[in-house]
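# Chains, contacts and geometry: an overview
One-letter residues, chain by chain:
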Amino acid sequence: MFQPVKSVAIVGAGSAGWLTALVLATYCPFLKIALIRPRDNNPIGVGESTQPDLPLRLQAAGVDLGDFCVACDATIKCGIFYRDWNVVGDHYWHPFTTMADTGSYTAAHHYQQMILEDPRRYSHADYYARVHTSYETCVKRNLIAPEAALALHVDAVKLARYLERFLTKVELIEADHVEAVGVDGKIAGIELDGGRRAAADLYVDCTGFARALLGKIAQPTPLVYEANVNRAVAANVPYAEPASEMHPYTRAHAHEHGWTWAIPLRSRIGSGYVYHADFCSPEQAERNFRAYWGHERMRDVPVRHISFERDTLREPWVGNVVAIGLAAGFVEPLEATGLNWTISSADLLARFLGPQYYDEDSPAKYNALMRGYIHDVQDFVDAHYLLSARRDSDFWRYQTSRPYPERLMHRLEVYSAEMPNDRNRVKSFAWAFNEVSWLDILNGYGFEYRKIAVPPEQRARAEQALEQAAAAPRKGVDPRTFMPVAMSGQGTRLSGSV
Ligand SMILES: Cc1cc2nc3c(=O)[nH]c(=O)nc-3n(C[C@H](O)[C@H](O)[C@H](O)COP(=O)(O)OP(=O)(O)OC[C@H]3O[C@@H](n4cnc5c(N)ncnc54)[C@H](O)[C@@H]3O)c2cc1C
């Protein structure tokens, strides 16, 4: 099979549809791209905590980030703050960091080594303050740390609207009736009302949980995975005290039956209570969620109940259809991987389409790479539950005693023998979280490593990095007034209040 690709039809206009259009328009300028959406368009409306790849792709496409942030109610995200995940009353910090690029033995590794060497002097509790300058700035002072300011919180609905305005070369097709026609394991076209029909060389299924294209040509094989949570109650929560509530990070607060996300935007807080249907009813979840923010504040706030009990596909690319976004699958909101997964999928697809054709090997190669990425996400997310010391509810007793994938158990064994580093991590495309991210999370659970032999020059470099972190001035800017001018792997240039 040899299929030249000059045109792509993306069906679905949620975040995945528009982000796929953005990435393909940027990296495959030869493509004629159409985005097809039903007139009663109904995107899921969550997915507001992002990773550094979003601003990077926006900039690559020529988007002015300041303009984008104003239009999309966006704020700066420096990381994720975890509360009560290991034991009630504790916390840990997972900032964006570029430290992993500095070698296999970073300051983060060195601090773990010092805990092993002198546990009375060095502790897991002090790790974040000693290793990450952003801890004091973001967590203690509630200010943006430019060195960690690599991502955004963004209004999901406004993001789609912004990209619709920006991507003027993408043909937007709206119809009351949108139906994919499947023939012999391929999509032959998209039937629209009024006898119209859209056709392309390749189709991207961005129809979310509906999987309206892929479902027409294949009986999808799911990836075997047991989700920790599968429901959410979500709402737009009004600010009570913006000075303290507009924090430059996403907060993930664990509870007896699940956890709550808090994503501060400029005008409101995006929030949701996440739980597992086996341990909590929707009514109980809503009561817990409203009580969390306070009944007075939540009195007139409508909430939405969302089920995300859907399989992730083993093979998101089948025939001439590639499923991206929720159509391809979802793990859960923890660690904000949804949009990153979408962008990673679109990036990979753009690489495959670079030569302007695909062949019979392309789907299998693409699917294998995406599986590696998804496994990395699943393992990382699972570790947050598996390692917890909480036993205060059936939910936590189950999460901490149930079987987890052999792959994750093996990984943790490997990491305990030698901290996650350049050598024992697969640094290919199939890689969602860097080794310092793993150290940050594992530290939150007091994970025990074995001591490792470190060449003296590496040790000296890491010691120096720790000293520099201790001496570095803690620059911080108020999240309520600052906007990014440019964001890169090196940190963010922030300028002027808007
Ligand atoms: C509770 C929850 C919290 C989340 N939080 C985060 C987060 O903080 N960060 C993050 O990165 N990700 C998060 N995600 C994931 C994120 O929301 C999604 O990855 C993102 O919104 C992409 O959704 P989508 O565009 O694939 O699907 P949708 O938004 O559902 O869009 C589907 C589109 O397809 C159209 N459509 C549906 N059926 C048909 C049909 N039959 N024919 C034609 N068109 C159709 C719809 O009208 C819509 O335009 C979260 C997800 C959930 C469930």
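Note that the structure is predicted; figures quoted are calculated from it, not measured.

Next up on the list: empty space enclosed by the protein. The final tally for this structure, using the stated rule, is two cavities of 30 Å³ or more. Put simply, the largest cavity is a space of about 40 Å³. Around the largest cavity sit Q112, I115, L116, H124, F447, E448 and Y449, which together line it. The element best represented in the lining of the largest cavity is helix α4 (residues 107-117), accounting for three residues. When the residues that make up the lining of the largest cavity are grouped by side-chain class, the tally is four nonpolar, two polar and one charged. The space that makes up the second largest cavity amounts to roughly 30 Å³. Secondary structure elements with two or more residues in the lining of the second largest cavity: α12 (338-353) and α13 (362-386). Of the residues forming the lining of the second largest cavity, the biggest block, three residues, is contributed by α13. Split by residue class, the lining of the second largest cavity holds eight nonpolar, two polar and no charged.

Moving on, we come to the packing of α4 against helix α16 (residues 435-444). Direction vectors running N to C along α4 and α16 enclose 35°, while the axes themselves pass 10 Å from each other. Crossing handedness for the pair α4 and α16: left-handed. Touching A108, H109, Q112 and I115 of α4 are E435, V436, L439 and N443, all from α16. Partitioned by chemical class, the residues of the contact of α4 with α16 number four nonpolar, three polar and one charged.

Across the sheet, three strands lie side by side as β9-β10-β11; this open sheet has antiparallel pairing. At either end of the open sheet lies a strand with only one pairing partner, and these are β9 (178-183) and β11 (197-198). Bridge analysis of β9 against strand β10 (residues 186-192) gives six bridges, and the strand direction is antiparallel. Paired with E179 across the two strands is E191, which belongs to β10.

This part covers the packing of aromatic side chains. Centre-to-centre distance and the angle between the planes together describe a pair of aromatic rings. Inspection of every chain in the model, using the stated rule, returns 32 aromatic pairs. Consider the rings of W317 and F352, whose centres lie 6.0 Å apart with planes at 75°: the pair is edge-to-face. A residue pair is termed long-range when its members are at least 10 positions apart, and W317 in strand β18 (residues 317-318) and F352 in helix α12 qualify at 35 residues. For W317, a relative accessible area of 1% translates into the label buried. Ring geometry for W317 and Y358: centres 5.2 Å apart, planes at 70°, overall edge-to-face. With a gap of 41 residues between them, W317 in strand β18 and Y358 in strand β20 (residues 357-359) connect regions that are remote in the sequence. Note on accessibility: W317 and Y358 belong to one class, buried. The lysine or arginine in question, R402, covers the ring of Y404, its NZ or CZ lying 3.9 Å from the ring centre.

Conventions used here
Residues numbered from 1 in each chain as written. Predicted model: local features only at pLDDT ≥ 70, side-chain atom pairs only at ≥ 80, totals over all residues. Heavy atoms only, no water. 1 Å grid on protein atoms, 1.4 Å probe; cavity = no way out; pocket = protein on both sides within 12 Å on 5 of 7 lines; lining within 4 Å. Points joined across faces, edges and corners; volume = space filled by probe spheres on them. Helix = DSSP H or I, 4+ residues; strand = E, 2+ residues; numbered from the N terminus. Nonpolar A, V, L, I, M, F, W, Y, C, P; charged D, E, K, R; others polar. Axes fitted to C-alpha atoms, helices over the stretch in contact; angles between N-to-C directions. Left-handed = near helix turned anticlockwise from the far one by under 90°. Contact = heavy atoms within 4.5 Å. Pairing = 2+ DSSP bridges. Phe/Tyr/Trp six-rings, centres within 6.5 Å; stacked < 30°, edge-to-face > 60°. Buried < 20%, exposed > 50% of the residue type's maximum accessible area, 1.4 Å probe, protein only. Lys NZ or Arg CZ within 6 Å of the ring centre and 35° of its normal.

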